[in-house]
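# Observations on chain architecture
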Amino acid sequence: MFSSRQKAEVHIEKQASWLKYPHKLNLYDQPPLEDITVEEFESCAIDRLRVLAEIESSFARNRPFDELKTITLAQCEKYLPMASNTAITVDRDAQRWKDVVGHFVLRLAFCRSEELRRRFVKAELTLFRVRYDNCSPSEIKDFLESRDFGWTQVDGAEKTKYFTQLRALSIQKAAPQQKAPPTDVEHLEEFHKVRWTRVPDLVERRKVFLQGGWAYVPAREQASIVFQEFQSRLENSLEMTAKALPRLDEDTRLIPILENLSQGFLAGVPSEWSAPEGSGEEIRADMIDELSRKHFPMCMRNLHDNLRRDHHLKHFGRLQYGLFLKTLGLSIEEALLFWRRSFSGYTDDQFNKNYKYNIRHSYGLEGRRANYPGKSCQQILTSDQPGSNDSHGCPYRHFSPDNLQTALLSMYASQGLTTADLPEIITTVKAGHYHVACTRVFEITHAMQGVKKGEGIGGGESVTHPNQYTTTSRQIERALVESVKMEVDGDVHMET
Ligand code: SF4
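Residues numbered from 1 in each chain as written. Predicted model: local features only at pLDDT ≥ 70, side-chain atom pairs only at ≥ 80, totals over all residues. Heavy atoms only, no water.

## Some details on the nonpolar core
One recurring pattern in soluble globular proteins is that nonpolar side chains are buried together. Formed by 58 residues in total, the largest nonpolar core has its most connected members in Phe128, Tyr132 and Leu261. Going through the elements one at a time, α2 (38–60), α3 (65–79), α4 (92–110), α5 (114–134), α6 (137–146), β4 (214–218), α10 (222–244) and α11 (254–261) are the ones with two or more residues in this core. The greatest single-element share of this core, amounting to nine residues, is contributed by α4. In contact with phenylalanine 128, other than residues within four places in its own chain, are Leu25, Asn26, Leu27, Phe143, Val226, Phe227 and Phe230. Among the nonpolar cores identified, the runner-up in size contains 53 residues, and Ile332, Leu336, Ala407 and Val429 belong to it. (Core = buried A, V, L, I, M, F, W, Y, C linked by side-chain atoms within 4.5 Å. Buried < 20%, exposed > 50% of the residue type's maximum accessible area, 1.4 Å probe, protein only. Helix = DSSP H or I, 4+ residues; strand = E, 2+ residues; numbered from the N terminus. Contact = heavy atoms within 4.5 Å.)

## Examining the side chain of threonine 327
Along the chain, threonine 327 turns up in helix α15 (residues 315–328). Judged by relative accessible area, threonine 327 falls into the buried class, the value being 7%. In terms of polar contacts, threonine 327 uses its side chain to reach the backbone carbonyl oxygen of leucine 323, at 2.8 Å. (Polar contact = N/O pair within 3.5 Å; in protein donor to acceptor, adjacent residues only side chain to side chain.)

## Structural notes on unusual backbone geometry
Backbone geometry places arginine 369, a non-glycine residue, at a positive phi of 55 degrees. Positionally, arginine 369 belongs in the loop between α17 (348–362) and α18 (377–382). For arginine 369, a relative accessible area of 57% corresponds to the exposed category. The backbone phi angle of aspartate 384 is positive, close to 50 degrees, even though this residue is not glycine. Topologically, aspartate 384 is positioned in the loop between α18 and α19 (395–398). Aspartate 384 gets classed as partly exposed once you look at its relative accessible area, which sits at 31%.

## A look at the sheet that holds strand β3 (residues 209–211)
Taken in spatial order, the four strands of this open sheet run β1-β2-β4-β3, and their pairing is antiparallel. With partners counted over all chains shown, the strands left at the sheet margins are β1 (152–153) and β3, one partner each. (Pairing = 2+ DSSP bridges.)

## Regarding the site of the ligand
The local shell around the ligand consists of Pro297, Cys299, Cys377, Ile380, Cys394, Tyr396, His435, Cys438, Val463 and Pro466. Elements represented by at least two residues in the shell around the ligand include exactly α18 and α22 (434–445). Taken together, the residues of the shell around the ligand break down into nine nonpolar, one polar and no charged. (Near = heavy atom within 4 Å. Nonpolar A, V, L, I, M, F, W, Y, C, P; charged D, E, K, R; others polar.)

## Description of the packing of aromatic side chains
Per the counting criterion, the structure on display carries 25 aromatic pairs. Measuring from ring centre to ring centre gives 6.2 Å for phenylalanine 128 and tyrosine 132, while their planes differ by 40 degrees; the resulting arrangement is tilted. Of the two residues, phenylalanine 128 and tyrosine 132 are both situated in helix α5; the distance of four residues between them amounts to about one turn of the helix. Judged on exposure class, the residue phenylalanine 128 and its partner tyrosine 132 are both buried. Summarising the aromatic geometry, the rings of phenylalanine 296 and tyrosine 321 are spaced 6.3 Å apart at their centres and angled 80 degrees between planes, so their arrangement reads as edge-to-face. One end of the pair, phenylalanine 296, is in the loop between α13 (288–295) and α14 (298–310); the other, tyrosine 321, is in helix α15, and 25 residues separate them in sequence. (Phe/Tyr/Trp six-rings, centres within 6.5 Å; stacked < 30°, edge-to-face > 60°.)

## Quick look at the pattern of salt bridges
Counted according to the given criterion, the structure contains 34 salt bridges. Here aspartate 286 and arginine 284 are joined by a salt bridge, their closest N and O atoms 3.4 Å apart. Residue arginine 284 is classed as partly exposed on the basis of its relative accessible area, which comes to 45%. Across the pair lysine 453 and glutamate 424 runs a salt bridge whose closest N-O atoms are separated by 3.5 Å. (Salt bridge = Lys/Arg side-chain N within 4 Å of Asp/Glu carboxyl O.)

## Thoughts on the pairing of strand β2 (residues 191–195)
The buried fraction of β2 amounts to four of the five residues, a majority that puts the element mostly inside the structure. Relative to β2, β1 is paired through two bridges, and the arrangement is antiparallel. Within β2, the position partnered with threonine 152 by the bridge is lysine 193.

## Some thoughts on the packing of α14 against helix α16 (residues 332–342)
Running from N to C, α14 and α16 point in directions that differ by 50 degrees, and their axes come no closer than 9 Å. By the angle class used here, α14 and α16 are oblique. On α16, the residues that touch His304, Leu307 and Arg308 of α14 are Phe338, Trp339 and Ser342. (Axes fitted to C-alpha atoms, helices over the stretch in contact; angles between N-to-C directions. Parallel < 35°, antiparallel > 145°, perpendicular 65-115°, else oblique.)

## Quick notes on the environment of isoleucine 426
Take isoleucine 426: it is sitting in helix α21 (residues 422–430). Residues isoleucine 426 and tyrosine 396, 30 residues apart in the sequence, show an inter-C-alpha distance of 8.6 Å. When near neighbours in sequence (up to four residues on either side) are disregarded, isoleucine 426 contacts Pro401, Leu404 and Gln405.

## What about the pairing of β4?
Among the five residues in β4, four count as buried, and that is most of the element. By the bridge criterion, five bridges tie β2 to β4 in an arrangement that is antiparallel. When the sheet's bridge partners are listed, valine 194 is paired in β4 with alanine 215. Relative to β4, β3 runs antiparallel, the two sharing three bridges.

## Observations regarding the environment of leucine 144
Relative to the helices and strands, leucine 144 resides in helix α6. Judged by relative accessible area, leucine 144 falls into the buried class, the value being 11%. The spacing of leucine 144 and leucine 25 is 119 residues in sequence and 9.6 Å in space, taken between C-alpha atoms. Setting aside residues no more than four positions away along its own chain, leucine 144 makes contact with Tyr132, Phe149, Trp151, Gln222 and Val226.

Dropping the structure here:
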């Protein structure tokens, strides 16, 4: 007779066998063959890229694997959920289909140069490792049994022949756990044999027994073979995709999407930010000086300081700053007031003639009447490169290291940034992780409000948009004010 638990397991197994994608883990050897709309093509890839970009940021921050795993799983939950086979009420095939489509689109975007391929493989392999680590033993077993990984199980006769050497590997494992090493073949763990070239990392770490060109891999290191297989398959596929890609170059719908996606590692993938209408979040012209001191990221703080100093900003500076303020909740009336007062050296006539139209245009009130959103870090970092007299752009990327250090101290010393913080920030900048440096500055300048190192703008996420930086900073301040208010109210109640 079956117990109810066994019956449930049989039911789940049957259900899994009906699925088009029966496993959470995937080696991505079958591209999706059905029709995909351009919207699906883009959205599946962007959601996957959000997860991979956060993995890249974690590398830049030297996060230990456990921390990286927690952050990656949180990102996956948001953008790329992947239920296990026990979740029978969830559309697992739809989730896995999205996972597969996103992977294959990003292959197209990241196969274009050796550098992009290397970074993509590293991030994808890490995502695979995180998922593998998060699977139940039965999910891993089912996945491993569904594929041919080219290994041979070591039988009893061979175990007896190499008992001493295999036992030595088991002792390596037993030592930290204080378990007695096996005394006979019966109690020896399982071993698999593969060509030693397939597990170079295990050979390097002396985790295998080598004999006649074979590596004898203990069961607990089996995952290394799987990871190695994943990596070499992906590397080969990316090279093949790169060779096939020129044929895609004629497709004017897809090429801009792919080019945009491949920038994703530079500054993460921004979420859409728009001015919150009627939410009480609106700002007024006379609030901006204070807001800039307390809540602005360096790019906007730099623009504001230049505006105050020169009473003028050049075109791209006005555009970058104006859209940021609009997205923050500055109405058109307040924007005209703010810019008019800021351009104090100009007459009303000059202002109306030269600047008013562009301000109204950015609010969608002139010309094409398009409602332009605030620029993301990726756009600021990659488009309209500033010249030496310009003040737009991202200081982490566009300032020299010396100027950056001086500017950081002058802008953020009052919020707790010290010279001791500079080496870490400059190292991150020199490695090309500008938005990670910006995230670190956010953490330092909000440490007094309880933000810890590694927390980013919440849950370990990196800054990907200047408006997200400012909105989060204001939310933290508001939450703090609320909690102080509640404490004071509590004390008053106690006294009365
Ligand atoms: Fe601004 Fe983004 Fe650069 Fe930070 S990383 S300074 S938010 S552009």
